[in-house]
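The chain contents come next:
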Amino acid sequence: MPDSRKYDIILDALQQLLEENNIQTISVSDIAQKAGIGKGSIYYYFPSKDAILDALIERSYEKPLQTAKHLAAKTDIPPFTRMAMLFQACQNSSVAFINQNGNSANYTSAQDLAFLHQKYLSHVISELKPALTEIIKQGIENGDIHFNYPSALAEIVLIVLAVKLDNSLLPSTPEDADETIQGLIALLEKGTEVAPGTLNYLSMTPYI
């Protein structure tokens, strides 16, 4: 049976190595040496270095995402309120990423940070998409939302919000970010046939 402590030791080792080396130069052997375990043990838990990196990102940002998904599952809460909870989770995750990485010298190159950030965004979107899709489906069933492609809508919204909320992949001024969000609100309200102003809470989300 896998040892959860050893699993975390491996992730801790990679985290420490990332603070001292470029991602490309780190090998599984390096991780094993840093963790103080055999290389074979690494492959018992992870098939590759990329898999270890993915697990590290998931561990680092899982708490706000799990909280959001738990809240989003509460079907007694109106769909748009639950959407707001998911969007706040995007913000919390972005803040966590920026605080841990973007505002520090933890990583040795901008290229490494961009690589990690791409993985982070992919993780956030893939994790929140099923929850947001279910919320939209419930809204459709209740007659609150009129749209034929809930999964596609969820993905579009998350991509726009995730990129704009952290403001590091495509840096923009607060004014530009607000204009983008206002455009998203207008498109969503028109496309889903909800009352104008229903999604104004999106524009109240603080942007980095």
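All of these numbers come straight from a predicted model, not from anything done at the bench.

A.B. asks: Please give an account of the nonpolar core that cites residues and values.
C.D. replies: Ranked by internal contacts, the top residues of the largest apolar core, which has 56 residues, are Ile 31 and Leu 132. In contact with Ile 31, other than residues within four places in its own chain, are Ile 10, Ala 13, Leu 14, Leu 17, Ile 26, Ile 42, Lys 49 and Ile 52.

A.B. asks: Before we move on, could you go through the pattern of salt bridges and cite the residues and values that matter?
C.D. replies: Side-chain pairs of opposite charge can arise where the charged atoms are in close proximity. Counted under the stated rule, the structure contains 7 salt bridges. Asp 8 is the salt-bridge partner of Arg 59, the closest N and O atoms lying 3.3 Å from each other. Of this pair, Arg 59 sits in helix H4 (residues 49–72) while Asp 8 sits in helix H1 (residues 4–18); the two residues are 51 residues apart in sequence, bridging distant segments of the chain. Residue Asp 8 is classed as partly exposed on the basis of its relative accessible area of 30%. Lys 69 is the partner of Glu 127 in a salt bridge, and the nearest nitrogen-oxygen pair spans 2.5 Å. One end of the pair, Glu 127, is in helix H6 (residues 110–142); the other, Lys 69, is in helix H4, with 58 residues separating them in the sequence. On the basis of relative accessibility, which here comes to 24%, the residue Glu 127 falls in the partly exposed class. A relative accessible area of 22% places Lys 69 in the partly exposed class. One network of salt bridges, with partners in common, ties together Asp 8, Asp 12 and Arg 59.

A.B. asks: How would you explain the packing of H1 against H4 if you had to name every residue and give the values?
C.D. replies: Between H1 and H4, the least distance of the axes is 10 Å, while the angle of their chain directions is 95°. Here H1 is positioned roughly perpendicular relative to H4, judged by the angle of their axes. Between H1 and H4, the residues in contact are Tyr 7, Asp 8, Ile 10, Leu 11, Asp 12, Leu 14, Gln 15 and Leu 18 and Ile 52, Leu 53, Ala 55, Leu 56, Arg 59 and Ser 60, respectively. Of the residues assigned to the contact of H1 with H4, the class counts are 9 nonpolar, 2 polar and 3 charged.

A.B. asks: For a negative patch on the surface, give the residues involved together with the corresponding values.
C.D. replies: Together, Glu 175, Asp 176, Asp 178 and Glu 179 make up a negatively charged patch on the protein surface. Mapped onto the fold, Glu 175 is located in helix H8 (residues 174–192). Owing to a relative accessible area of 59%, Glu 175 belongs among the exposed residues under this scheme.

A.B. asks: Can you tell me about unusual backbone geometry, naming the residues and giving the values?
C.D. replies: The backbone of Glu 193 sits at a positive phi, close to 60°, despite the residue not being glycine. With respect to the helices and strands, the residue Glu 193 is situated in the segment after H8. According to the relative accessible area criterion, Glu 193 is exposed, its value standing at 57%.

Criteria and thresholds
Sequence order as written defines residue numbering, which begins from 1 separately in each chain. Residue-level local features of this predicted model are given only where pLDDT is at least 70; pairs of side-chain atoms are given and counted only at 80 or more, and the full residue set underlies all totals for whole chains, interfaces and linings. The side-chain quantities take in all heavy atoms of the structure and omit both hydrogens and water. Grouping buried Ala, Val, Leu, Ile, Met, Phe, Trp, Tyr and Cys residues that are joined through side-chain atoms within 4.5 Å yields what is termed a nonpolar core. Accessibility here uses a 1.4 Å probe with only protein chains present; expressed as a share of the type maximum, an area under 20% marks a residue as buried, one over 50% as exposed, and anything in between as partly exposed. Whether two residues are in contact is decided by their heavy atoms: any pair within 4.5 Å suffices. In what follows, salt bridge is the name for a side-chain nitrogen of Lys or Arg lying within 4 Å of a carboxyl oxygen of Asp or Glu. For helices the rule is a DSSP run of H or I covering at least 4 residues; for strands it is a run of E covering at least 2, with both sets numbered from the N terminus onward. To get an axis, a line is fitted to the C-alpha atoms, and for a helix only the part in contact is used. The angle between two axes follows their N-to-C directions and goes from 0 to 180 degrees. Relative orientations are named as follows: roughly parallel for angles under 35 degrees, roughly antiparallel for angles over 145 degrees, roughly perpendicular for angles from 65 to 115 degrees, and oblique for any other angle. Three classes are used, and their members are as follows: Ala, Val, Leu, Ile, Met, Phe, Trp, Tyr, Cys and Pro are nonpolar, Asp, Glu, Lys and Arg are charged, and the others, Gly among them, are polar. Within this analysis, patches are made of residues with over 30% relative accessible area and no salt bridge. Like charges are joined at 9 Å or less; nonpolar side chains (Val, Leu, Ile, Met, Phe, Trp, Tyr) at 5 Å or less. Per-residue and other accessible areas were derived by the Shrake-Rupley procedure at a 1.4 Å probe size, with only the shown protein chains allowed to occlude residues. For this count, His and the chain ends are skipped, Lys and Arg are scored as positive, and Asp and Glu as negative. Every charge is mapped to an atom, namely NZ of Lys, CZ of Arg, CG of Asp or CD of Glu.

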